[in-house]
Amino acid sequence: VGEQVLLKCSFKSSSPITESLRVDWTYRPLTGGQMETIFHYQSVPHPTTAGQFKDRISWAGNVANGDASIAIQSPVPSDNGTFICSVKNPPDV
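Residues numbered from 1 in each chain as written. Predicted model: local features only at pLDDT ≥ 70, side-chain atom pairs only at ≥ 80, totals over all residues. Heavy atoms only, no water.

Draft legend 1. Layout of the confidence of the model for the protein. Scored by pLDDT, the protein comes out at a mean of 94, with 100% of its residues at no less than 70. Within the protein, strand β4 (residues 44-47) has the poorest average pLDDT of any element, 95, and strand β6 (residues 70-72) the best, 98. (pLDDT = per-residue confidence, 0-100. Helix = DSSP H or I, 4+ residues; strand = E, 2+ residues; numbered from the N terminus.)

Below is the structure:
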């Protein structure tokens, strides 16, 4: 609680990394409910503009190195849940 947390995500692709590469981070609370997209990356980072993670997520990755990590500022116990990182690098998924 209170310290920045790094959510690591690494990937490998048999295709060259291009501007078509997409990274999506989704989240579901421990209590269940809908999955929500909390971060999107395509050429530039697009953190969520709504919900509990608004203004608290930053890009910590480097797609050239196979890294799609994000950081969450000032985590609280209610942030606990399932975080899923999805990387698509057409035609590789």
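Draft legend 2. The state of the cysteines, seen in detail. Summed over the entire model, instances satisfying the criterion amount to one disulfide. Each disulfide pairs two cysteine sulfurs, and for Cys9 the partner residue is Cys85, the sulfurs being separated by 2.0 Å. Handedness of the Cys9-Cys85 disulfide follows from its S-S torsion of about -70°: it is left-handed. Residue Cys9 is found in the loop between β1 (5-7) and β2 (22-29), and its partner Cys85 is found in strand β7 (residues 81-88); the two are separated by 76 residues along the sequence. A relative accessible area of 11% places Cys9 in the buried class. (Disulfide = S-S within 2.5 Å. Buried < 20%, exposed > 50% of the residue type's maximum accessible area, 1.4 Å probe, protein only.)

Draft legend 3. Inspection of unusual backbone geometry at higher detail. Residue Pro91 is bonded to the preceding Pro90 through a cis peptide linkage, with omega at 0°. Structurally, the position occupied by Pro91 is in the segment after β7. Residue Ser43 is not a glycine yet carries a positive backbone phi of 70°. As for its placement among the helices and strands, Ser43 is situated in the loop between β3 (36-42) and β4. Even without a glycine there, the phi angle at Ser74 is positive, about 45°. Secondary-structure assignment places Ser74 in the loop between β6 and β7.

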